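Coordinates in review
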Amino acid sequence: MSLLDASQTRPLEGGASFSLGNRMLRAVWGVAWLVLCRFTPPPLHGWRRVVLRLFGAKVGRGARVHASAAIWLPANLELGDHTLIGPGVRIYNQGRIAIGARSVVSQRAHLCASSHDIADPDFQLVLRPIAIGAQCWVAAEAFVGPGVTMHDRAVLAARGVLFGDAEADGVYSGNPAVRIKLRGLRA
């Protein structure tokens, strides 16, 4: 595990939260994405899938990741078949993030899979994975917080803020997000 003990490294005083190896890997990743992907035209999703896989991401067939997406660490990312990561999406995956098949994360949405222990005087980083099921939609500028599970076909409306789990077919809106209705898909 590359997460360090805050009582030893004192991140509030400038110490690291992650091992040197982890930090070096992320630096190489950042340069690679910038040079190889960041300025590629929209249709080059296949190329971006290759680069993500080279850095340890599990990426399904036909997944599309836009060049302007920001991914903290590809090795902590799993994308199902035909998943879409839209322009400007922030995937802050210090903890694992898994997104199911045919799910959409729209422009400028933010997924955050970590937090801090507020009861710890050293403010220890805590990794809390996010699981987004199949056929979900995280709409524009929405936020999915640490430890959240969005069950299959759940929807988080634009600018919604989700800190609890979303049930299958539930449509959630607001800050904090609450279920406003069921999706009611047509056959």
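Refer to the structure above for everything that follows.
Just so you know, these numbers come straight off a predicted model, no measurement behind them.

Along helix α3 (residues 45–54), the residues classified as buried are His 45, Arg 48, Arg 49, Val 51 and Leu 52. Each buried residue of α3 sits inside an arc of 165° when the element is viewed along its axis, so together they form one side. In this fold, the buried residues of α3 make contact with α2 (20–36), β1 (58–59), β2 (64–65) and β3 (70–71). Immediately beyond the C-terminal end of α3, within one or two residues, lies Gly 56, with a positive phi of roughly 100°.

Looking at where Gly 88 falls in the secondary structure, it is placed in the loop between β5 (84–85) and β6 (90–92). With 21 residues separating them along the chain, Gly 88 and Ala 67 place their C-alpha atoms 8.2 Å apart. If we skip the residues at most four places from it in the chain, Gly 88 touches Ser 68, Ala 69, Arg 108 and Ala 109.

This part is about the sheet that holds β1. Hydrogen bonding along the main chain pairs the strands of a sheet, whether they run parallel or antiparallel. Across the sheet, which stays open at both edges, the five strands sit in the order β1-β4-β7-β12-β15 with parallel pairing between neighbours. Of all the strands in the sheet, just β1 and β15 (149–150) have a single pairing partner and so form its edges. Sheet topology note: the β1/strand β4 (residues 77–79) ladder contains two bridges and is parallel. In the sheet register, Val 59 faces β4, and the bridge partner there is Leu 79.

On to α2. Between its terminal C-alpha atoms α2 stretches 24 Å, which fits the 24 Å expected from 17 residues at 1.5 Å a residue. Along α2, the residues classified as buried are Asn 22, Trp 29, Ala 32 and Trp 33. Burial along α2 is one-sided: seen end-on, the buried residues are contained in an arc of 95°. Facing away from the buried side of α2 by over 90 degrees, the exposed positions are Leu 20, Met 24, Val 31 and Val 35. On the buried face of α2, the contacting elements are α3, β2 and β3.

Conventions used here
Residues numbered from 1 in each chain as written. Predicted model: local features only at pLDDT ≥ 70, side-chain atom pairs only at ≥ 80, totals over all residues. Heavy atoms only, no water. Buried < 20%, exposed > 50% of the residue type's maximum accessible area, 1.4 Å probe, protein only. Helix = DSSP H or I, 4+ residues; strand = E, 2+ residues; numbered from the N terminus. Arc of directions from axis to C-beta. Contact = heavy atoms within 4.5 Å. Pairing = 2+ DSSP bridges. Expected span 1.5 Å × (residues − 1).

Such coordinate-based values are descriptive only and should not be taken to indicate function.
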